[in-house]
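One letter stands for each residue in the lines below.
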Amino acid sequence: IMKSYKIKFPHGIMFHHFHGKNHPIAQGTIGEETLSDIIEFIGIENILNANEWAHKFQNHTLKSNQVCLTFDDALKSQVDIALPKLRSNGLTGFFFIYSSIFEGVKEKLEIYRYFRTTQFSSINDFYEDFFNYLKKSPISNKIQNKLKNFNSTEYLKNFTFYSKSDKKFRYIRDQILKEEEYFMIMDTLIQESKINLEKIYKNLWISEKDLKKINKEGHVIGLHSYSHPTNFSALSYKNQNEEYIKNKKHLEKITPEIFTMSHPANSYNLDTLKILKNLGITMGFRADMNPIKSNLEIPRQDHSIITNML
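Residues numbered from 1 in each chain as written. Predicted model: local features only at pLDDT ≥ 70, side-chain atom pairs only at ≥ 80, totals over all residues. Heavy atoms only, no water.

### A few points about the overall build of the protein
Logical step 1: Across its full length, the protein holds 13 helices and seven strands.
Logical step 2: Relative to the compact-globule value of 19 Å for 310 residues, the protein shows a C-alpha radius of gyration of 19 Å, a close match.
Logical step 3: Taken over 310 residues, the protein has a buried fraction of 54%.
Logical step 4: Contacts in the protein between residues far apart in sequence, at least 24 positions, make up 70% of those at least 6 positions apart.
Logical step 5: Accessible surface for the protein amounts to roughly 14,900 Å². Of this, 49% is attributable to carbon and sulfur atoms.
Logical step 6: In the protein, 42 positive and 35 negative side-chain charges are present, and the distance between their average locations comes to 2 Å. (Helix = DSSP H or I, 4+ residues; strand = E, 2+ residues; numbered from the N terminus. Rg over C-alpha atoms; globule rule 2.2 N^0.38 Å. Buried < 20%, exposed > 50% of the residue type's maximum accessible area, 1.4 Å probe, protein only. Contact = heavy atoms within 4.5 Å. Areas by Shrake-Rupley, 256 points an atom, 1.4 Å probe, with all protein chains shown as cover. Lys, Arg positive; Asp, Glu negative; His and termini not counted. Charge placed at Lys NZ, Arg CZ, Asp CG, Glu CD.)

As structure tokens, this is what we get:
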């Protein structure tokens with residue numbers, strides 16, 4: 001790799017899904033080789049281990065070229081694909097975990113993502129089905145009226161890797177539909193597809209055993225809410241507080257020192273920041289590269305941006 005990653009200020013690199021072993025290639029996934037390329041491109045000398053990065057951040061001694069690696073959503077593919085790669089490079093990262101999945105809840109967010117990215121020949125085929133279903137639904141007029149306010153250039157403008165259809169889908173999901181309406185639509189599409197959900201559940205999320213292993217290997221575990229709502233900032237203060245208290249209680253069984261977090265779907269407000277401070281959280285990560293506003297709003301670069309630079 002000839003080029004190098006230009007680092008203007010300290011930040012995190014954000015990862016989600018990986019492919020390889022039992023994990024299929026899908027929109028947004030990367031394989032082991034790409035992870036190696038990213039590490040080489042950034043320069044291993046610029047990547048600090050999670051605890052060291054946190055220590056320097058809190059002591060204001062980070063240099064502008066120093067980054068850390070972060071992994072959101074408690075995904076099995078991270079343990080199967082990324083963890084061995086980190087181990088072989090002597091690196092540790094931050095793992096931001098939501099807890100409901102450890103308590104028997106099959107979180108729909110991840111199931112729906114798996115469905116739309118693996119059961120269609122392309123993501124656009126899924127969008128076509130989804131938008132067509134909406135056209136025939138009783139709430140079609142409501143959606144069309146609200147879409148008049150949709151501006152694909154402005155909406156999620158920091159997420160340059162999203163296509164116009166990606167943004168339209170997310171706008172409908174997060175800004176127009178009620179949660180139960182979205183669930184009903186997706187559950188119907190899944191039912192019609194006859195996909196085997198039980199098989200999928202086993203492959204999506206890490207287990208409590210995996211979580212202990214992540215902790216034992218020196219990675220830093222942090223909060224990511226209890227149930228990962230996609231529009232967290234729309235929740236009341238009480239509900240936000242509950243989300244993080246339950247999340248923290250669960251993770252403290254694994255490691256008593258929970259001091260960090262990342263905002264699910266980059267969604268938060270002043271209530272969220274107040275709640276996190278009250279819970280003793282001293283470091284929080286965003287999901288974009290806007291300059292740092294507070295110690296609970298640290299920027300992160302999505303791996304897909306870096307992949308496009310390779």
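### Some words on the nonpolar core
Logical step 1: Among the nonpolar cores identified, the biggest contains 77 residues, and F15, I42, I97, F126, F130 and I172 are the most heavily contacted of them.
Logical step 2: Those residues within four positions of I42 in sequence are excluded, and the remaining contacts are Y5, I7, I13, I47, V67 and I306.
Logical step 3: By size, the runner-up hydrophobic cluster in this structure holds 14 residues, among which are F57, C68, F96 and V220. (Core = buried A, V, L, I, M, F, W, Y, C linked by side-chain atoms within 4.5 Å.)

### Description of the side chain of S100
Logical step 1: Structurally, S100 can be placed in the loop between strand 3 (94-97) and helix 4 (108-118).
Logical step 2: Assessed through its relative accessible area of 0%, S100 is described here as buried.
Logical step 3: When sequence neighbours within four positions are dropped, the list of residues in contact with S100 reads V105, E107, Y226 and S227.

### Topic: helix 9 (residues 197-204)
Logical step 1: Here helix 9 has its buried residues at I200, Y201, N203 and L204.
Logical step 2: The elements touched by buried residues of helix 9 are helix 3 (76-88) and helix 4.
Logical step 3: You can read the cap of helix 9 off the contacts: a side-chain oxygen lies 3.2 Å from the backbone nitrogen of E198, and it is on N196. (Polar contact = N/O pair within 3.5 Å; in protein donor to acceptor, adjacent residues only side chain to side chain.)

### Here's the deal with the packing of aromatic side chains
Logical step 1: Applying the stated criterion across every chain, the model contains 32 aromatic pairs.
Logical step 2: Seen from their ring centres, F15 and F71 are 5.2 Å apart, and the 15° between their planes marks the pair as stacked. Remark: F71 occurs in strand 2 (residues 67-72) and F15 occurs in strand 1 (residues 11-15); sequence separation between them is 56 residues.
Logical step 3: Measuring from ring centre to ring centre gives 5.6 Å for F126 and F169, while their planes differ by 85°; the resulting arrangement is edge-to-face. Here F169 lies in helix 7 (residues 164-176) and F126 lies in helix 5 (residues 123-136), a separation of 43 residues in the sequence. With respect to burial, F126 and F169 carry one shared label: buried.
Logical step 4: What links up through ring pairs into an aromatic cluster is the set Y112, F115, F120, F126, Y127, F130, F131, F169, Y182 and F183.
Logical step 5: Looking at K168, its charged tip hangs above the ring of F131, at a distance of 4.2 Å from the centre. (Phe/Tyr/Trp six-rings, centres within 6.5 Å; stacked < 30°, edge-to-face > 60°. Lys NZ or Arg CZ within 6 Å of the ring centre and 35° of its normal.)

### A short note on the packing of helix 5 against helix 8 (residues 179-193)
Logical step 1: Where helix 5 contacts helix 8, the two axes come as close as 11 Å, and the packing angle between them is 120°. Compared by their axis directions, helix 5 and helix 8 come out oblique. The two elements helix 5 and helix 8 cross, and the hand of that crossing is right-handed. Two secondary-structure elements touch here, helix 5 through F126, F130, Y133 and L134 and helix 8 through Y182, M184, I185, M186, T188 and L189.
Logical step 2: Broken down by class, the residue content of the contact of helix 5 with helix 8 amounts to nine nonpolar, one polar and no charged. (Axes fitted to C-alpha atoms, helices over the stretch in contact; angles between N-to-C directions. Parallel < 35°, antiparallel > 145°, perpendicular 65-115°, else oblique. Left-handed = near helix turned anticlockwise from the far one by under 90°. Nonpolar A, V, L, I, M, F, W, Y, C, P; charged D, E, K, R; others polar.)

### Concerning the packing of helix 11 (residues 237-252) against helix 12 (residues 270-278)
Between two packed helices, what matters for the description is the angle formed by their axes and the separation of those axes.
Logical step 1: Remark: helix 11 packs on helix 12, axes separated minimally by 10 Å, with the N-to-C direction vectors making an angle of 40°. Relative to helix 12, the element helix 11 is oriented oblique. Taken as a pair, helix 11 and helix 12 cross one another with a handedness that is right-handed. Of the residues in helix 12, those touching helix 11 at Y237, Q240, N241 and Y244 are D271, T272, K274, I275, L276 and N278.
Logical step 2: Taken together, the residues of the contact of helix 11 with helix 12 break down into four nonpolar, four polar and two charged.

### Points about the pairing of strand 1
Logical step 1: Strand 1 sits mainly inside the fold: five of its five residues count as buried.
Logical step 2: Two elements, strand 1 and strand 2, share five bridges in a ladder whose sense is parallel. The partner of I13 across the bridge, within strand 2, is L69. (Pairing = 2+ DSSP bridges.)

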